[in-house]
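Take a look at the letters that make up each chain.
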Amino acid sequence: MPVTGRGPCGTCAPALRGTFKDTILTHSDQPRPLHSRANGPLTGKVRVPGDKSISHRALILGALAVGETRISGLLEGEDVLNTAKSMQALGASVERTGDFAWKVQGVGVAGFAQPKAALDFGNSGTGCRLVMGAVAGCPISAVFDGDASLRSRPMRRILDPLEKMGARVVSGGEGGRLPLTVQGARDPLPITYKTPVASAQIKSAVLLAGLAAPGITTLIENEASRDHTELMLKHFGADITSTKEGLHGRRITLKGQPELHGANVVVPADPSSAAFPVVAALIAEGSDVVLSDVMTNPLRTGLFTTLREMGASIEESEVRGDAGEPMAQLRVRASKLRGVEVPPERAPSMIDEYLVLAVAASFAEGTTIMRGLQELRVKESDRLEATAEMLRVNGVKVEVSGDDLIVHGHGHVPGGGLVATHMDHRIAMSALVMGCASDQPVTVDDTAFIATSFPDFIPMMRSLGAEFS
Ligand SMILES: O=C(O)C1=C[C@@H](OP(=O)(O)O)[C@@H](O)[C@H](O)C1
Ligand SMILES: C=C(OP(=O)(O)O)C(=O)O
């Protein structure tokens, strides 16, 4: 579905109020184009911002817990700040106490209050879908809305299981699209649900609703998706188990109506954000870049596995763990890459990284085949088509065949193209990374959406030597 304009809610993030006064959101309706040109090697050490998935979950579980939750290293990107605001609108107290440091005073499982206004999730599928799950277990109704991109994304996949648990859609857009009003269940039912696609957002919505239901909620997935909700629920005191199901799947059981207690959460650096400087360092000759504290949960590291298969030099050191999530320092050196075939079962562990992998594949020698990418079609944009277009306008030979993406690499990229962002942060960042090593500069039509997940991307890349102007 085409996405046009900034969206019905005006800018992606409304002005902040109350305890959020220290945080600034910067979206405007003016597109902000940028050129990226090769400027020699990238060097230096950086820490990319906190993991987006964990940041959303820390705020939501903090709000559903009894007592105080302290979060350090929170991603202060627009997506996460919209989740923080929704938690406040639902009755939790959410306060910024310092740089990336936040305090949440929760209301307890099923304790959300009726919000006075629509909950605006801006560009964020994760925020919207996880909060829908949490609201579904409370006897309140809430209006869910977002920008034009989020309004175009499917919500039926979340509403189907939530309706089985007793929630109702009171009013809503065609085919389960936003804006829609969800009436939470007065007496939520525990269910056994098999997800139709490997999606951590569906899984998490069901588990968050299941917190309020008596008895056992069971979630089965054929392919394991990121398990941050499970790990964090355990950290907050829930009785939750996860066992293998079939070859690649998981069966998760959650005992309902626990008393979640507030907890400390240390948010590691986001591997999906690290992916951009990692690929930039691999393709810009002579580069040597170090990234600290990168989360290395195996359900998130499919990109690093693939890049290593392509011949990338990515060394791990200082391996450690906090709050149940492993992390490491990565040293990345420019490398000659070769084309590879990426199996479909790897998709859940690198779902947001195919765009920047396609950039790496464009600089490789040989063909890279990425299989089973149907889920890319329902992200912030149709990422399968948008990625192919990004490569094509920069002189790379690329095919979309069914749900597969095939990139023919020739060791260098002509560049010179203007890339359409389609309200999608990862397209903007991937295109700017491409320009770090292409023969001619690459231009993106709008960088504004980068603020949803990686607000400091441009200055951080410049600090490594990237030329963005
Ligand atoms: O649960 C999460 O935090 C996320 C799950 C993924 O979406 P799906 O659940 O739709 O695969 C991913 O693309 C998104 O960026 C973050
Ligand atoms: C798909 C993404 O996020 P979301 O689904 O939360 O909008 C992403 O960050 O790439």
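Residues numbered from 1 in each chain as written. Chains lettered and ligands numbered in written order. Predicted model: local features only at pLDDT ≥ 70, side-chain atom pairs only at ≥ 80, totals over all residues. Heavy atoms only, no water.

Per an unreviewed UniProt entry, the protein chain goes by 3-phosphoshikimate 1-carboxyvinyltransferase and derives from Bradyrhizobium niftali. If you open the UniProt record of the protein chain and go to Catalytic activity (unreviewed entry), you find "3-phosphoshikimate + phosphoenolpyruvate = 5-O-(1-carboxyvinyl)-3-phosphoshikimate + phosphate". Of the comments in the UniProt record for the protein chain, the one headed Subcellular location (unreviewed entry) reads "Cytoplasm". (UniProt positions renumbered as here; feature names shortened; annotations may be inferred.)

Student: A description of the site of ligand 2 should follow, citing residues and the corresponding values.
Tutor: Taken together, 13 residues surround ligand 2, and among them K52, G125, T126, R153 and R426 come closest. One nitrogen or oxygen atom from the main chain of G125 is found 2.8 Å from an oxygen atom belonging to ligand 2. E380 is positioned such that a nitrogen or oxygen atom in its side chain is 3.0 Å from an oxygen atom of ligand 2. Elements supplying a minimum of two residues to the shell around ligand 2: α3 (125–136) and α12 (425–435). Here the shell around ligand 2 is composed, by residue class, of no nonpolar, 6 polar and 7 charged. A domain split of the shell around ligand 2 shows at least three residues from each of domain 1 (31–51 + 269–468) and domain 2 (52–266). (Near = heavy atom within 4 Å. Polar contact = N/O pair within 3.5 Å; in protein donor to acceptor, adjacent residues only side chain to side chain. Helix = DSSP H or I, 4+ residues; strand = E, 2+ residues; numbered from the N terminus. Nonpolar A, V, L, I, M, F, W, Y, C, P; charged D, E, K, R; others polar. Domains from an automatic or database assignment.)

Student: Can you lay out the UniProt feature "binding site: phosphoenolpyruvate" (unreviewed entry) in the protein chain for me, pointing to particular residues and giving the numbers?
Tutor: In the numbering adopted here, UniProt assigns the feature "binding site: phosphoenolpyruvate" (unreviewed entry) to K52, G125, R153, Q201, R383 and R426. Within the element layout of this structure, K52 appears in helix α1 (residues 52–64). The class of K52 is buried, set by a relative accessible area of 9%. Every residue in contact with K52, bar those within four places of it in the chain, is listed here: L75, D79, V80, D270, H425, R426, T452 and S453. As for its placement among the helices and strands, R383 is situated in helix α11 (residues 383–392). R383 sits in the buried class, given a relative accessible area of 1%. Among residues more than four places away in sequence, those in contact with R383 are D352, L355, L376, R377, D424, H425 and R426. (Buried < 20%, exposed > 50% of the residue type's maximum accessible area, 1.4 Å probe, protein only. Contact = heavy atoms within 4.5 Å.)

Student: Tell me about the nonpolar core, and please be specific about residues and values.
Tutor: Within the largest apolar cluster, 76 residues are counted, with the highest numbers of intra-cluster contacts made by L307, M370 and F457. Apart from residues no more than four positions distant in its own chain, L307 is found in contact with V278, V279, L282, A312, I314, L357 and A360. Core analysis: the second largest hydrophobic core is formed by 66 residues, L75, A142, A209 and L260 among them. (Core = buried A, V, L, I, M, F, W, Y, C linked by side-chain atoms within 4.5 Å.)

Student: Before we move on, could you go through the site of ligand 1 and cite the residues and values that matter?
Tutor: Taken together, the neighbourhood of ligand 1 is formed by K52, S53, R57, T126, A198, S199, A200, Q201, R226, I351, D352 and K379. The side chain of S53 places a nitrogen or oxygen atom 2.7 Å from an oxygen atom of ligand 1. One of the backbone nitrogen or oxygen atoms of A200 is found 3.0 Å away from an oxygen atom of ligand 1. Computed on the free molecule, ligand 1 has an accessible area of 390 Å², of which 94% lies beneath the protein chains in the complex. At the level of elements, α1 and α6 (200–210) are the ones that each hand at least two residues to the shell around ligand 1. (Areas by Shrake-Rupley, 256 points an atom, 1.4 Å probe, with all protein chains shown as cover.)

Student: So what about the side chain of S124? Which residues, and what values?
Tutor: Structurally, the position occupied by S124 is in the loop between β6 (119–120) and α3. Here the side chain of S124 touches G127 through a polar contact of 2.9 Å, landing on its backbone nitrogen.

Student: How would you summarise the domain arrangement of the protein chain if you had to cite specific residues and measurements?
Tutor: Partitioning the protein chain into domains gives domain 1 (31–51 + 269–468) and domain 2 (52–266). If you average the C-alpha positions of domain 1 and of domain 2, the two centres end up 28 Å apart. At the interface, 28 residues of domain 1 touch 30 residues of domain 2. For the pair domain 1 and domain 2, the summed buried surface comes to about 2,500 Å²; carbon and sulfur atoms form 53% of the total. Considering only the surface of domain 1 that becomes buried against domain 2, D51, L299 and T452 emerge as the three largest contributors, covering 22% of it. Remark: the boundary between domain 1 and domain 2 carries 3 salt bridges. Linking D352 and R226 is a salt bridge whose minimum nitrogen-to-oxygen distance equals 3.8 Å. Linking domain 1 with domain 2 are 14 residue pairs in polar contact (both at pLDDT 80 or more). Taken together, the residues that form the side of domain 1 that touches domain 2 break down as 11 nonpolar, 6 polar and 11 charged. (Buried area = accessible area lost by both parts, 1.4 Å probe. Salt bridge = Lys/Arg side-chain N within 4 Å of Asp/Glu carboxyl O.)

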